[in-house]
Amino acid sequence: MEFRILGPLEVEDEGRVLKLGGVKQRGLLALLLLRANEAVSRDRLIDELWGDQPPETASTAIQVHISQLRKVLGRDVIITQAPGYAVRLENRQLDLERFEDAVTRARAAAPAEAAELLKGALALWRGAPLAELDGPFATAERGRLEEQRLSATEQRIAADLELGRHAELVPELERLVREHPLRERLRGQLMLSLYRCGRQAEALDVYRSGRRLLDEELGLEPDDELQRLERAILNHDPSLESPVVAGVRGPSVAQRRRASSHTEAPVPPDSVAVIDPQRSRVVGHVLVGRRPVALAIGHGSVWVANADDGTVSRIHPDRREVIRTIGIGAPAIDLAVSTDAVWVANGSDGTVARIDPSADAVVETIDLRGSSELAWNPTYAVDADDDSVWIAAGPHHVLRIDPTTNEPSAIIDVGHVPVGVALGQEAVWVVTTAERALRIEPHTNTPTAEVPIGYPVALTAGKQAVWVSDSRGQVWRINPDTGTVTQTTPVGRGLVGLCATDGAVFAANNADGTAVQIDPQDGRVVGSVPVGQAPTDVAFWDGTVWVSIQSESAQSESVMW
């Protein structure tokens, strides 16, 4: 059985579209599908379907609609679960789940694969979502889902631009900018496409018309990214040229940028760079496994997760050499250190590995795929202390694992795909694809604050603040006590790793091959060290900065729009 909400609500069973009831019955099913595998209370269903003035028979009507839906769908699909009802779905039965999964995987893929993933995801859309439904909930959900579609479209266009498809993008982008004139990323993508087609004057006219519209409608100036793009077009900046396509068009944008500098990139791919931040220079490097993606510090070592060969490298920081390579048997994508363990999140494998640092070996692999609570649980990120291990897991949960039993002790629904998780002083922080940072109270396992941010890429929690980098190249500072954004720093697109110390915040810039230092007090960028290739994560150890480096061919973030 397949459920579809990315367009008119439909249920198909063995090639036959099932006949559903009227607007209220369809609205009830839509509400349950949007919160699949979790209980929705009767009171909430009534509020969402009838608003502030429900009829006296609303509760009875809910029971009748549930009974009728069970006759169509089967009694096992909609279950009674206090304080209301829940739709029980298996993996990938819902088109929205398949869409969100593809979008998430595309974020870590090379441009060609990302473009195909996103095209497949967008092909799931059959028109305006839930178009036949009425009421406040339907309007709000349509807006949220349409925003996800537009964001995925922008992401797909970014991948196509990386592949040199600017000419074929122009008509589509012109239509999209007409339909969404205040979306600055779409406007920037159109400007870049026109410029690459030799239409500089038209590209600048697109900027000027957007600036006028923003001023008239909102009293705002274009954002920093759009202003930088305009200046680059005026100056015929070489970085705007089309990137590599099968080696025919010369060096990539990132390669040209680095070649134009006077500093040779000192670090080879598949290594970890060592930086002296006081002198703003690379002082060494250590070769590790294939495609290192994450770093952690602990047990007198620097730990490196290598995604492509499924290993963790343990580095002796003084000798600057790998002293052990530990096989995980899965694509290690994140790791965290506690007093007696190193925890590794294994991405699409749906498992978490526990390494005993005294034995340099995996002593437990926790399989999350078979959970009765969740249909499918890719593990995106991990953080840990002595009491708990916190896992950002699909499709929209944070799992808390008890390290004494290696079993989940809590499953927390965060509403959307979690991108990262970090332990703060008295809370757990999670960032999601809904462009939100959530503060979770560990004593109750419940979210207590929701902070709007840009589309998140990396997350770290320091003693005084929580820091998030977004896909537009900004670093957000969040006050952990008030749950408010206190500062944003534009750094440049491609930020894929963050770490915070008492006196500095460091970021790995995957797009321009640098490690960036930010003053946490005023948000200024106070240093930038070229490391070459494509940095992925950053960590701080005893006065030195460690940066994982993968090859440019494996680079996971687009250089330009």
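Since we're looking at a predicted model, the values are computed, not measured.

(A) Seen up close, the nonpolar core. In terms of nonpolar packing, the biggest core is built from 52 residues, with L29, L32, L33, I78 and F99 touching the most fellow members. Every element with two or more residues in this core is listed here: α1 (23-34), α2 (42-50), α3 (58-73), β6 (84-87), α4 (95-107), α5 (111-122) and α6 (136-162). Ranked by residue count, the leading element in this core is α1, at 7 residues. When neighbours within four sequence positions are excluded, F99 is seen to be in contact with L6, A121, L122, L124, W125, Q148, R149 and A152. Membership of the second largest hydrophobic core comes to 22 residues, among which are I157, A203, V206 and L226.

(B) Expanded view of the sheet that holds strand β16 (residues 361-367). Pairing within the open sheet is antiparallel, and its 4 strands lie in the order β13-β14-β15-β16. Bordering the open sheet on either side are β13 (334-338) and β16, each of which pairs with just one other strand. On average, each strand axis in the sheet is inclined to that of its neighbour by 20 degrees, with strand direction left out of account. Where strand β15 (residues 351-356) and β16 come together, 6 bridges link them in antiparallel fashion. Among the inter-strand pairings, D356 is bridged to a residue of β16, identified as A361.

(C) Molecular detail of α5. Spanning 12 residues, α5 covers 16 Å between terminal C-alpha atoms, matching the ideal 16 Å at 1.5 Å per step. Among all positions of α5, only A114, A115, L117, L118, A121 and L122 are buried. Buried residues of α5 fall within an arc of 165 degrees about the axis and therefore sit on the same side. For α5, the elements touching its buried residues are α4 and α6.

(D) Representation of the pattern of salt bridges within the structure. Using the criterion set out here, one finds 34 salt bridges in the structure. Of the charged contacts, one joins R354 and D340 as a salt bridge, the two residues approaching to 3.7 Å between their closest N and O atoms. Of this pair, R354 sits in strand β15 while D340 sits in the loop between β13 and β14 (341-345), and the two are 14 residues apart along the sequence. By relative accessible area, D340 is classed as partly exposed at 47%. Counted as one network, the salt bridges with shared partners bring together E2, R4, E10, E12, R98 and R126.

Basis of the calculations
- Residues numbered from 1 in each chain as written.
- Predicted model: local features only at pLDDT ≥ 70, side-chain atom pairs only at ≥ 80, totals over all residues.
- Heavy atoms only, no water.
- Core = buried A, V, L, I, M, F, W, Y, C linked by side-chain atoms within 4.5 Å.
- Buried < 20%, exposed > 50% of the residue type's maximum accessible area, 1.4 Å probe, protein only.
- Helix = DSSP H or I, 4+ residues; strand = E, 2+ residues; numbered from the N terminus.
- Contact = heavy atoms within 4.5 Å.
- Pairing = 2+ DSSP bridges.
- Axes fitted to C-alpha atoms, helices over the stretch in contact; angles between N-to-C directions.
- Expected span 1.5 Å × (residues − 1).
- Arc of directions from axis to C-beta.
- Salt bridge = Lys/Arg side-chain N within 4 Å of Asp/Glu carboxyl O.

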